[in-house]
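Spelled out from the first residue to the last, the chains are:
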Number of protein chains: 2
Amino acid sequence: MINRPLILVTNDDGVQSKGISSLIRVLCPLGDVVVVAPDGGRSGMSSAISSKLPIWLNLLKKEEGLTVYSCSGTPVDCVKLAVNEILDRKPDILVSGINHGSNSSICVLYSGTMGAALEGTIFGIPSVGVSLTDHSSDADFSDVAKYAAVITSKVLDEGLPQGVCLNVNVPDVKLVKGIKVCRQAKGLWVKEFMKSKDALDNDIYWLTGYFQNEEPESEDTDEWALSHGYVSVVPTQIDMTAYEAVKNLKNWEVQTISEPSFLN
Amino acid sequence: MINRPLILVTNDDGVQSKGISSLIRVLCPLGDVVVVAPDGGRSGMSSAISSKLPIWLNLLKKEEGLTVYSCSGTPVDCVKLAVNEILDRKPDILVSGINHGSNSSICVLYSGTMGAALEGTIFGIPSVGVSLTDHSSDADFSDVAKYAAVITSKVLDEGLPQGVCLNVNVPDVKLVKGIKVCRQAKGLWVKEFMKSKDALDNDIYWLTGYFQNEEPESEDTDEWALSHGYVSVVPTQIDMTAYEAVKNLKNWEVQTISEPSFLN
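Since we're looking at a predicted model, the values are computed, not measured.

**Student:** Please set out the overall build of chain A residue by residue, giving values where relevant.
**Tutor:** Scanning chain A for helices and strands turns up six helices and 13 strands. By principal-axis analysis of the C-alpha atoms, chain A measures approximately 70 × 50 × 40 Å. For chain A, the proportion of its 264 residues judged to be buried stands at 60%. Sequence-distant contacts, at least 24 apart, represent 76% of the contacts inside chain A between residues at least 6 apart. Total accessible area on chain A stands at roughly 10,700 Å², and carbon and sulfur atoms take up 50% of it. Counting 22 positive and 33 negative side-chain charges, chain A places the centres of these two groups 3 Å from one another.

So this is what it looks like as structure tokens:
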């Protein structure tokens, strides 16, 4: 078949994870799949790049319709290598995931899954990050893979607005009720550290804690959708400008300043 | 003096860098400064967190008005540790930097400096990231430090809108013309890799390339301000929702879907 869609797949749990295998399985019928994914776990890597270290790339598999590389770098490195060095044309879509664990609300900022999707968006590739709200390595991905395939198919048909990708989260429930298009809920993590000791009796800190939804009653948020059994789809943009504030802070504009008095 | 402002300082170049030293020097007259910064370079770490590794914290200095810790984690880890484990109250401001190198346009997404500022914003701390468009380790920070002090003082007086921090970039020019409040320019990095070999003759890739401004004529962007000798101040928000797209994609909402035909 000529002109099958070119589908770039990556994730942040590593090329060996169950989530990406489930994703590859449902995407192969939709086009030619090229996987460039980290060679191990890169959870919480956000949009990090390997600015000081070299990156290794390994071809793991090349068969009709499916090519798989592992990469020693971050999820964003994977996307950059795919676009700059591996693919001979821009992919028709990038799908990142399926992540083991939720990337809703403020977690979009920490997420390597979404870091990769945002990177695809910078390159002008319609991009989707998909996550399941279950951290376990043997989570059941059958339902979320189905939704990932349907949304991928829709994005291939209709595209996405420039500068916008999708942050898709699927609740770990018996029967998903459907899809809600929503906004990122306001929230934060609290009680974030478990204090312990290393073998030399130094204090060490392990990141842990729990997420606190600051607006549990708002029905238009991803957190509400997920806690009510819906898939949340948050259109997410690479332009982080707070436009309202640009207007309101215009009076901060000054000409060249001299040494402020408190520095003298 | 009672009730001096509490100023949290961090960066992504490490506690030993010239940029953070310049910043500490100009902030000490403004309040009590607590520094929690990485123990080495963490450039390009974005909002990455140490999700799988423990974090070590070391008290380096404690004197009247200035406390300095180094941290083995990422810039965001530093902010989380400061808020959760070190400080006995919420800081009045977080200042991240001064970064060696620009964090304008799309680099806000990769920047550890801005990752820390965004993290402060999640905690409800008025936060500012400051960068100088000069990567060299011995850059001249005297001018940028002056602007950092003036902007910090202004934020301490007036606060910032909820969910919004400032991405401040200062051009490496002889005479800065003043401050422009602007939006994030559209752009991307191109020709991003230098290919080389490791000692075992494996291919390796080094991240490099150059930034391409996709709208050089737009006078309301940070890139325009910087290339015309102005300090760029971009109000930057933690809500990445593309609200226009939320409206336009509402027709994607469906009820529970059955197995799509292409998976059968």
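The structure having been displayed, the exposition proceeds.
**Student:** Tell me what's going on with the relation of the copies chain A and chain B, and back it up with residues and numbers.
**Tutor:** Each copy superposes on the other: chain A lies on chain B with an RMSD of 0.0 Å after a rotation of 180° and an axial shift of 0.0 Å. In the structure described here, the two chain copies are related by an operation that fits a two-fold rotation axis. Looking at the interface residues of chain A, 100% of them are also at the interface in chain B, so both copies use one shared face.

**Student:** How would you sum up the environment of glycine 40 of chain B? Please name residues and give values.
**Tutor:** Its location among the elements puts glycine 40 of chain B in the loop between strand 2 (32-38) and strand 3 (57-63). In this view, glycine 40 of chain B contacts Asp12, Asp13, Gly14 and Gln16 of chain B; residues no more than four positions away in its chain are not counted.

**Student:** Any chance you could break down the interface of chain A and chain B for me, citing the residues and the numbers?
**Tutor:** At the interface, 95 residues of chain A touch 95 residues of chain B. Where chain A abuts chain B, roughly 8,400 Å² becomes buried across the two surfaces, and 66% of that area is made up of carbon and sulfur atoms. It is Tyr205, Met240 and Trp252 of chain A that lose the most area in chain A upon contact with chain B, and together they represent 10% of the buried surface on that side. A salt bridge links lysine 80 of chain B to glutamate 192 of chain A; the nearest nitrogen and oxygen atoms lie 2.7 Å apart. Linking chain A with chain B are 37 residue pairs in polar contact (both at pLDDT 80 or more), by the criterion used here. Per-element accounting of the side of chain A that touches chain B gives the leading share, nine residues, to helix 4 (residues 142-158) of chain A. Here the side of chain A that touches chain B is composed, by residue class, of 56 nonpolar, 19 polar and 20 charged.

**Student:** Mind laying out the pairing of strand 7 (residues 164-170) of chain A, listing which residues take part and the relevant values?
**Tutor:** All names here are of chain A. Burial analysis of strand 7 places seven of its seven residues in the buried class, which makes it a mostly covered element. The alternating pattern of strand 7 places Val164, Leu166, Val168 and Val170 on one face and Cys165, Asn167 and Asn169 on the opposite face, and all of these are buried. Of the strand pairs in this sheet, strand 6 (residues 127-132) and strand 7 are connected by five bridges, and their pairing is parallel. In the strand pairing of strand 7, valine 128 is matched with leucine 166. Handedness of the crossover joining strand 6 and strand 7 through helix 4 is recorded here as left-handed. Judged from the six bridges that link them, strand 7 and strand 13 (residues 231-237) form a sheet pairing that is antiparallel. The residue of strand 13 that forms the bridge with cysteine 165 is threonine 236.

**Student:** Kindly report on the pattern of salt bridges, identifying the contributing residues and their values.
**Tutor:** Residues and elements named next belong to chain B. Across all of its chains, the model carries 26 salt bridges over all chains by this definition. A salt bridge links lysine 247 to glutamate 244; its shortest N-O distance comes to 3.7 Å. Here lysine 247 and its partner glutamate 244 are both found in helix 6 (residues 243-248), three residues apart, which amounts to about one turn of the helix. Relative accessible area serves as the criterion here: at 56%, lysine 247 is assigned to the exposed category.

**Student:** Please provide a residue-by-residue account of the nonpolar core, values included.
**Tutor:** The biggest cluster of nonpolar side chains holds 70 residues, and the ones touching the most others in it are Val36 and Leu109 of chain A together with Val36 and Leu109 of chain B. When residues no more than four places from it in sequence are discounted, the contact partners of valine 36 of chain A are Leu8, Val9, Thr10, Leu57, Tyr69, Cys71, Cys78, Ala82 and Ile86 of chain A.

**Student:** How would you explain the sheet that holds strand 4 (residues 66-71) of chain A if you had to name every residue and give the values?
**Tutor:** Residues and elements named next belong to chain A. Judged by pairing direction, the sheet is mixed, and its nine strands sit side by side in the order 3-4-2-1-5-6-7-13-8 without closing on themselves. Each edge of the open sheet is held by one strand with a lone partner, namely strand 3 (57-63) and strand 8 (179-181). On average, adjacent strands in this sheet sit at an angle of 20° to one another, irrespective of strand direction. For strand 1 (residues 6-10) and strand 5 (residues 93-100), the ladder comprises four bridges, and the chain directions are parallel. Residue leucine 8 lies in a different strand from strand 5, and its bridge partner there is leucine 94. Set on the sheet, helix 1 (residues 18-27) makes contact with strand 1, strand 2 (32-38), strand 4 and strand 5; between it and strand 5 the angle comes to about 140°. This element, helix 3 (residues 112-122), spans strand 1, strand 5, strand 6, strand 7 and strand 13 of the sheet and lies at about 170° to strand 6.

**Student:** Lay out unusual backbone geometry in plain terms, naming residues and giving numbers.
**Tutor:** Residue and element names in this part refer to chain A. At the junction of glycine 97 and isoleucine 98, the peptide bond is cis and its omega measures out at -10° in the coordinates. As for its position among the elements, isoleucine 98 is in strand 5. Although it is not a glycine, serine 105 adopts a positive phi angle of roughly 50°. We classify serine 105 as buried; its relative accessible area is 1%.

Cut-offs used in this document
Residues numbered from 1 in each chain as written. Chains lettered and ligands numbered in written order. Predicted model: local features only at pLDDT ≥ 70, side-chain atom pairs only at ≥ 80, totals over all residues. Heavy atoms only, no water. Helix = DSSP H or I, 4+ residues; strand = E, 2+ residues; numbered from the N terminus. Buried < 20%, exposed > 50% of the residue type's maximum accessible area, 1.4 Å probe, protein only. Contact = heavy atoms within 4.5 Å. Areas by Shrake-Rupley, 256 points an atom, 1.4 Å probe, with all protein chains shown as cover. Lys, Arg positive; Asp, Glu negative; His and termini not counted. Charge placed at Lys NZ, Arg CZ, Asp CG, Glu CD. Least-squares fit on C-alpha atoms with pLDDT ≥ 70 in both. Buried area = accessible area lost by both parts, 1.4 Å probe. Salt bridge = Lys/Arg side-chain N within 4 Å of Asp/Glu carboxyl O. Polar contact = N/O pair within 3.5 Å; in protein donor to acceptor, adjacent residues only side chain to side chain. Nonpolar A, V, L, I, M, F, W, Y, C, P; charged D, E, K, R; others polar. Pairing = 2+ DSSP bridges. Right-handed = clockwise from strand over helix to strand, strands pointing away. Core = buried A, V, L, I, M, F, W, Y, C linked by side-chain atoms within 4.5 Å. Axes fitted to C-alpha atoms, helices over the stretch in contact; angles between N-to-C directions.

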